[in-house]
Every structure is written in structure tokens, then in C-alpha cells.
Amino acid sequence: MNISENKVIDESIQGQALVMETPKTTGKKLFLESYGCQMNFSDSEIVASILMEKGYTTTTNFEEADVIFVNTCAIREGAESKVRNRLNDFKRVKARNPNALVGVLGCMAERLKAQFLEQEKLVDLVVGPDAYRDLPNLLEQAEDGHRAINVLLSKEETYADLTPVRLGTNGVTAFISITRGCDNMCSFCVVPFTRGRERSRDPESILNEARDLFSRGYREVTLLGQNVDSYLWSGGGLKKESLTEEQKAASVNFSKLLEMVALVNPDLRVRFSTSHPKDMNDEVLYTMAKHENICNNIHLPVQSGNSKVLQMMNRGYTREWYLSRMEAIRRIIPGCGISTDIITGFCGETEEEHQETLSLMEIVQYDFAYMFMYSERPKTLAERKYADDIPEAVKKRRLQEVVDLQRKHSSVRTHEGLNKVHRVLVEGYSKKSEDMLMGRNSQNSVVVFPKENYKKGDYVNVLVDKCTSSTLIGTVVK
Ligand code: SAH
Ligand code: SF4
Ligand code: F3S
């Protein structure tokens, strides 16, 4: 997933079919398609590693697959309808090959559980995000003609010991999950129900993964969690809630983890997502400022610019608190790239409250934003407590206003990059030409420049002299 473009997303990121290479094969072919957030894509790499162990190979053509897995997202209604529509396409495969199996994995599987099997006759397996180790068993059951389901959530599972198979990779950038689940209970959000309780992964396994990636030529890792700032490792078995202040101080928090990963190698860049405004502290910002290889880029979702709406969203901060965090970022990391998520038309949002979102955007001038209309999700606090009372047309109009303003700010931010030298990690060819390479600067903006003799994985200094609204263009300087 790429957070360098401003997108209006009323459902999650496009599904992507992924390919992997396997050492030993059973001749069975897996088609694996992922929807949703980076964490879901990262989970698909765990799924791929489990099936690779069982001798599967992959295909990008679902028509020839023996097993079709869709790793799903439940964040908004649109994300779910997309998967339902996609299932129709898979009917063709079953018509031709009655032995082919269709499995629904991930957040929608967890949300709907056995209902999914009732509603979609086509589906043979329903597997929640904490049950992937059980996939080989479940596949056996399904091969024997029994529909198979495992949606148990775990308080411990982090898949720490599994080495993910890198899917659809550019060989330069990779994701590393550091936490699973979420304990925050934002009132609009389905994630705590689909991903379960928050748990942190052993830092040693994170460092090993980072070292292994570096040794295989990767030069950038993005540490992933729904709220990376609440990462806390106090040794296996110890629960965050029951720790004394002393034990907490002796634990590895996010700032310490970030530093440990940064020290793996100065040529390994480190990014992370998502930061939570209520938990992002100055210690993290000082760690970012201290290490050249921790990218100056923070994804800090605000959701709304109005304190009453934020309270109804159960976000745990006010407009003033958020702006004070922004002030700290600007003070400690001048020139830091900032992106956000915004929801328009949340329950009871008045026109004035919406205007406060626009005014907050004017103050911050985000580099990028993901912008959504509120979509009511079953079982969430908001669904139980508040009426989804903003008409669709109003949600849409407000979204358009947010999008238009963001477009203006993105362009302003991109233009600020003109006539400056940017340190860029090369990721591959530019979309338009094989004579041009593309990479990102520390702030996560895309930079394009003539290829010359440079290649993927190189760091280059690019003097930018042109730009479009979201891409910087220049030439390498020594
Ligand atoms: N953990 C991250 C967000 C993960 S979900 C955080 O706390 O910021 C990604 C984004 O989807 C959210 O930031 C929010 O903007 C959006 N989102 C979540 N639930 C939504 C809903 N019910 N309707 C519309 N947008 C939603
Ligand atoms: Fe959802 Fe809130 Fe957790 Fe983010 S922090 S995943 S929005 S509950
Ligand atoms: Fe979607 Fe689940 Fe991620 S609901 S956004 S795939 S955690």
C-alpha cells in the first residue's frame, strides 16, 4: 500500500493478487488476494509462508487455482461489498473445477463468522486473523468435503516465529508487524472486534526480521501496528495492565524499539504506521530526530477537528491536544512529513463541527490524507449509542470539501520540495518510463529522476527542479 497519494477511499485499498516462489511443490496452486490495510497485506505474507511450507505455489490467474484465498477488510461497508462482488467472479472457477476451494480470511471472516458460510454457498473456509496456523488443517477438512471455520481470536498470537514470504515485493521496502489487535475502542471502528486484543511482539524477533531483510538487500522497513505508540514488551507472559511503574520503565516501549531497529544498520531506513495522537510522546519524536535513518514522516490520523465529535468518537484527545502534538512535531522534527485520516459525516456532526475539521486542516496543511465518509459498522459503540443521522448527500459534500482542501495543501507541500536536494532510496522504475527511476524522500514523497547507472536499493541525492501536484522531479547530484 502506498500512502504517498491523496485518495478518496470509500472502501479499502484495491485488492491485489500476489505471487511467491516456493522451493518444494505439491503441484497445488494458490491464488491469494488481499484487501484493506498494510497489516492485512503483511498477514498475507504469513499465510503465504504457511502454505509454502505445505508445498503450494502461487498463481496470479484465479482461473487456474486449486485454492482461492481472499484476505478481507471490514472497515467500511464499501470494503465488504467489494469482496462480495469479487466472490461472484470465483463462481466460474468452481463451475469448471468442483474441487477448487474458496477461503475467506481476515477481518470480514472474523466479523461474520459462520454467517459467511450460510450467506455465501460458494465459500469453503472462513478463517480469522489469529487462526492462520490452522490453515493446513482447515484445508484438509475442506478437501474432505467439510466446510471449515476457525475464527478464534488469541491474546498471544503474533506469528513471531514465522518468516513471512515477501509478496509482490520490490526487494527494497518491506513491512514488519510489531503489534496485533487494538484496545482503543474508537466508537466508529470495527478493528477491535475483528483483530482482538492488542499484543506486542518480542523485540528480538522484530530485530531478527529487520536484520534478515537487510542481509537480503532490503533497505527500508515499515513497522506496523494499529497504534504503534502503545507497543510495550515486558518479557513473555507479562500483561501490560498488571505492570508496576518500575516494570514499565524496564520494558521496551515504542521509542526504544524504534531506536533498536534504527541501529540494525545506518543504511536501513525505518518508517512506522500508525501513530495515535493520544499516545505519541516526545520521547518518540526525539528518537526520530536523533537517528538519520528514521524517516521524517508521521501518519497521525485526526478523524475530526472538533473536540465534541472526537469525544463521541472516543478518540481520547481534543482538537487542542492534537494541535499541541503537531506543534511538538514541528519543533522537534522541522520539515517532518505529516499525513492523516479524516472521517466526514460522523453521527450528529453539525456544519460548524465540519468547518472545524477544515480549519484544523488549514492550520496543519497535511502532506497527504486518506478521507472517508462515515460508514456505520455493526456492534461498534457508535452503532449502539448514536444515530447515523447525516444524510449521504451531506456526508459526500463534506467529503468533497475536505478532498478539495487537501488537494490544495498537498500541492503546496509538494512545491515546497522544489530547488532542494532530497535523499532518495531508489525503489525501481518510474511508472512512465524505464529511463527514469523512482524512490521516496524521508517525508515519503515520490521523487523521479533519470536512471543513469543507478539501481534499486541505492541511496541518491536528487536536486528537484520540477514537480507535478504530488511528484518531485529532478536529477542526481553527487
Ligand atoms: N488504527 C488507525 C486506523 C485504522 S483504520 C488509527 O487509529 O488511526 C483506518 C482509517 O479508516 C481510520 O483512521 C478511519 O479514518 C477510517 N475508518 C475506520 N472506521 C471507519 C468507519 N466506520 N467509517 C469510515 N471510516 C472509517
Ligand atoms: Fe480502530 Fe481506533 Fe484502534 Fe485505530 S485506534 S484501529 S481507529 S479502534
Ligand atoms: Fe480492514 Fe482489518 Fe485492516 S478491517 S483496515 S483489514 S485491520
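Residues numbered from 1 in each chain as written. Chains lettered and ligands numbered in written order. Predicted model: local features only at pLDDT ≥ 70, side-chain atom pairs only at ≥ 80, totals over all residues. Heavy atoms only, no water.

*Asks:* Go over the overall build of the protein chain, please, and point to the residues and values.
*Replies:* Scanning the protein chain from N- to C-terminus turns up 15 helices and 23 strands. At 22 Å, the protein chain has a C-alpha radius of gyration in line with the 23 Å of a compact globule built from 478 residues. Each principal axis of the C-alpha distribution contributes one length, and for the protein chain these read about 60 × 60 × 50 Å. Out of the 478 residues belonging to the protein chain, those deemed buried represent 59%. Taken as a whole, the protein chain presents about 19,900 Å² of accessible surface, with 50% of it coming from carbon and sulfur. (Helix = DSSP H or I, 4+ residues; strand = E, 2+ residues; numbered from the N terminus. Rg over C-alpha atoms; globule rule 2.2 N^0.38 Å. Buried < 20%, exposed > 50% of the residue type's maximum accessible area, 1.4 Å probe, protein only. Areas by Shrake-Rupley, 256 points an atom, 1.4 Å probe, with all protein chains shown as cover.)

*Asks:* Explain the site of ligand 1 to me, using residue names and the numbers behind them.
*Replies:* Neighbouring residues of ligand 1: 15 residues in total, closest Gln226, Pro301, Gln303, Asp341 and Ser375. Measuring from an oxygen atom of ligand 1, one finds a side-chain N or O atom of Arg76 at 3.1 Å. Arg315 places a polar side-chain atom, nitrogen or oxygen, 3.1 Å from an oxygen atom of ligand 1. Here ligand 1 loses 90% of its free accessible area of 540 Å² to cover by the protein chains. Looking at the shell around ligand 1, the elements with two or more residues in it are strand 17 (337-344) and strand 18 (368-373). (Near = heavy atom within 4 Å. Polar contact = N/O pair within 3.5 Å; in protein donor to acceptor, adjacent residues only side chain to side chain.)

*Asks:* Break down the domain arrangement of the protein chain for me, citing the residues and quoting the values.
*Replies:* Looking at the assigned domains, one finds that the protein chain contains domain 1 (8-150), domain 2 (173-415) and domain 3 (421-477). Look at where the C-alpha atoms of domain 2 and domain 3 centre, and you get two points 27 Å apart. In this assembly, 18 residues from domain 2 lie in contact with 18 residues from domain 3. In total, domain 2 and domain 3 occlude about 1,300 Å² of area from one another, counting both sides; carbon and sulfur atoms represent 51% of this. (Domains from an automatic or database assignment. Contact = heavy atoms within 4.5 Å. Buried area = accessible area lost by both parts, 1.4 Å probe.)

*Asks:* I'd like to hear about the site of ligand 3, residue by residue, with values.
*Replies:* Ligand 3 sits among Cys37, Asn40, Cys73, Ala74, Ile75, Cys107, Val191, Arg195 and Gln226. Split by residue class, the shell around ligand 3 holds 6 nonpolar, 2 polar and 1 charged. Viewed by domain, the shell around ligand 3 spans two of them, domain 1 (8-150) and domain 2 (173-415), each represented by three or more residues. (Nonpolar A, V, L, I, M, F, W, Y, C, P; charged D, E, K, R; others polar.)

*Asks:* Can you lay out the packing of helix 10 (residues 282-290) against helix 12 (residues 319-332) for me, pointing to particular residues and giving the numbers?
*Replies:* The N-to-C vectors of helix 10 and helix 12 enclose an angle of 25°; their axes lie 10 Å apart at closest approach. Judged by the angle between their axes, helix 10 and helix 12 are roughly parallel. When you trace helix 10 past helix 12, the crossing you get is right-handed. From helix 10, Asp282, Leu285, Tyr286 and Ala289 reach across to helix 12, where they touch Arg325, Ala328, Ile329, Arg331 and Ile332. Considered class by class, the residues forming the contact of helix 10 with helix 12 number 6 nonpolar, no polar and 3 charged. (Axes fitted to C-alpha atoms, helices over the stretch in contact; angles between N-to-C directions. Parallel < 35°, antiparallel > 145°, perpendicular 65-115°, else oblique. Left-handed = near helix turned anticlockwise from the far one by under 90°.)

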